[in-house]
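# Chain and residue survey
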Amino acid sequence: MQRRKFIKDTLTGLPLLFLTPTLLASCGKDDENINPNGKTVVVIGGGISGLAAAKKLKEKGFTVIVLEAQEKVGGRMRTDRSLGVAFDEGASWIHGPNGNPITNLVSQSGANTFLTSDDSVEVFDTNGTAYSDTVLTNAENQFESALNAVRNAGTQTQSFQSVFNSLYPTQANNRLWKYMLSAFLEFNTGGDISKLSSKFFDDDEEYNGEDVIITNGYDKITDFLAQGLDIRLNTRVTGIDYSNTKVNITANGSNIEADYVIVSVPLGVLKNNAITFAPALPADKISAITKTNMGNVNKFLLVWNTAFWDTNLQYIGYTPDTKGKFNYFLNVKKFTPANALMTFAFGDYATTTESMSDNDIVNEIMLHLKSIYGNSIPNPTNLLRTKWGQNINSYGAYSYATNGTTTADFDTLAKSVNSRVFFAGEHTNREYRGTVHGAYLSGLREADKIIDLL
Ligand SMILES: Cc1cc2nc3c(=O)[nH]c(=O)nc-3n(C[C@H](O)[C@H](O)[C@H](O)COP(=O)(O)OP(=O)(O)OC[C@H]3O[C@@H](n4cnc5c(N)ncnc54)[C@H](O)[C@@H]3O)c2cc1C
């Protein structure tokens, strides 16, 4: 996911104090005031939010058990190395590395990074001609103004698309605008513009600095955080009973007791009622789970014997008719030895790809590449792909504000229940939702809430 740094006119000039409430909130108690006294915390989910919470609580002396449904930790930081190159199925970039807590974990975990540049891109029309720099710069400036105009005209109930189409009827069908609406906006937010809130679509915050990409696998960071923790893999939680003083957690047909539980499963898992809560969660929590949405983004890695594209470029853009369809390519050759491109499907088209065969996927991608590089380019030798929408461990890529939601819904997702059931995960971090750092900070925040109870 690449976050273009579009200026938000509502935020310019705000002091840093107002931009980092999560960090400021996560101070916690001094070590000498803590006596966990044998208290047990069960963390459900071994993604970065759950691991961050577990590591911090263990360091403070709690007995911590992590229950993870899959065969490995990491969740949406999942790396496939089967083709000899690290293909990150979920997160790839550290968005805004300056002051970003993930930056501190890079060297400790053995992750390698490459500094990316949004400007190292060539965008091609369907007839294979490249858009000029002037056309692209003007379009991006107009796009930035359009985002501000939609945000200002937007209402809580209208989608981004409905407000945008009424303000910019001509641009709505322009292929370069469709490219920017999906490769920039839908990629950033996770939501298809037809379901994205016109008012709160980008009211989250960001750190500064050009994004860096992890080149040897984002799972390096979650593997590092997992070191020394008691993690039970292949353990899928189905029930949480918090009607008594001790919380009773059902997983794989057995029960585990804890003093506190941190639920760090993705929003999609909560929306699908994969975990039964007894008693039922409070009405405001259920309403927030129902109203906020999980978006979809899929990734496709294609490998060739030799590269036929300009290997100096970092990104290649393409402007097809269908919004969200294989319109953005990351040149993997730029930072690894592999002759590989990674492309994406965004929003509703991401979901369409999940019922397509590998052959259909390759054919559609090759149509785009052939119109840029000519009909003689070969088919890839290998393809790796994701299907985040139907993945039962997340039911989508990351959360976003849909029309009907308010910013407060993300805060409600973070609220604990009865001081025993705590909630972490990217979707619980209003300021940095949809990101690795947002998830990480949410885990530290929930650990601090439990520490503060002592
Ligand atoms: C395609 C894609 C691209 C992305 N790109 C970026 C990027 O470049 N940069 C960035 O900052 N962010 C990116 N993100 C977002 C980032 O990956 C997530 O915000 C972050 O990893 C979420 O961490 P988490 O701990 O909240 O959830 P997860 O990582 O999803 O962890 C939750 C864990 O809970 C487990 N679980 C689910 N159900 C159960 C159950 N019933 N019992 C037990 N365990 C369960 C899951 O298996 C999972 O391991 C991307 C995500 C996707 C999908």
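Residues numbered from 1 in each chain as written. Predicted model: local features only at pLDDT ≥ 70, side-chain atom pairs only at ≥ 80, totals over all residues.

## Some words on unusual backbone geometry
Applied cut-off: Secondary structure counts use DSSP, requiring at least four H or I residues in a row for a helix and at least two E residues in a row for a strand, with both numbered from the N terminus.
For the peptide bond that leads from A278 to P279, omega is -5°, which places it in the cis range. As for its placement among the helices and strands, P279 is situated in the loop between strand 14 (276-278) and helix 10 (283-291).

## Observations concerning the sheet that holds strand 22 (residues 421-423)
Backbone hydrogen bonds hold the strands of a sheet together, and the pairing may be parallel or antiparallel. To be explicit about the condition: Here the rule is simple: two strands pair whenever DSSP picks up at least two bridges between them. Think of each axis as a best-fit line through the C-alpha atoms, taken over the contacting stretch in the case of a helix, with angles from 0 to 180 degrees between the N-to-C directions.
The sheet built from five strands is open, its strands ordered 9-2-1-13-22 with parallel pairing. Edge strands, defined here as strands with exactly one partner in the open sheet, are strand 9 (230-232) and strand 22. When the angles between neighbouring strand axes are averaged without regard to direction, this sheet yields 20°. By the bridge criterion, five bridges tie strand 1 (residues 40-44) to strand 2 (residues 63-67) in an arrangement that is parallel. By the bridge assignment for strand 2, V43 is matched with V66.

## Re the pairing of strand 13 (residues 260-263)
Applicable threshold: In this scheme every C-beta is placed from the backbone, and a residue whose C-beta has 20 or more other C-beta atoms within 10 Å is buried, one with 12 or fewer is exposed, and one in between is partly exposed.
Judged by which residues are buried, strand 13 turns out to be covered on both faces: Y260 and I262 on one side and V261 and V263 on the other are all buried. Strand direction decides the pairing type here: strand 1 and strand 13, joined by four bridges, are parallel. Bridged to I44 within strand 13 is V263. Across three bridges, strand 13 lies against strand 22 in parallel orientation. Note that in strand 22 the partner of V263 across the bridge is F423.

## Let's talk about the site of the ligand
Condition: As used in this record, a residue near a molecule or strand is one whose C-beta atom, placed from the backbone, is within 6 Å of it. By the convention adopted, Pro, Cys, Tyr, Trp, Phe, Met, Ile, Leu, Val and Ala count as nonpolar, Lys, Arg, Asp and Glu as charged, and the other residues, Gly among them, as polar.
Taken together, 41 residues surround the ligand, and among them G45, G47, S49, G75 and A439 come closest. For the shell around the ligand, the secondary structure elements donating two or more residues are helix 3 (48-59), strand 16 (297-303) and helix 14 (436-451). When residues of the shell around the ligand are assigned to their parent elements, the largest contribution, three residues, is made by helix 3. Here the shell around the ligand is composed, by residue class, of 20 nonpolar, 16 polar and five charged.

## Here's the deal with the domain arrangement of the protein chain
Accessible area lost during the coming together of the parts is what is often quoted as the interface size. We count it as follows: Domain delimitation in this document rests on an assignment produced automatically or drawn from a domain database. Residues are scored as being in contact if the C-beta atoms we place from backbone atoms lie within 7 Å.
Assigned domains within the protein chain: domain 1 (38-111 + 212-281 + 417-451) and domain 2 (119-209 + 295-390). Computed over C-alpha atoms, the centres of domain 1 and domain 2 are 29 Å apart. Contacts between the two partners involve 19 residues from domain 1, matched on the other side by 18 residues from domain 2. Of the residues assigned to the side of domain 1 that touches domain 2, the class counts are six nonpolar, eight polar and five charged.

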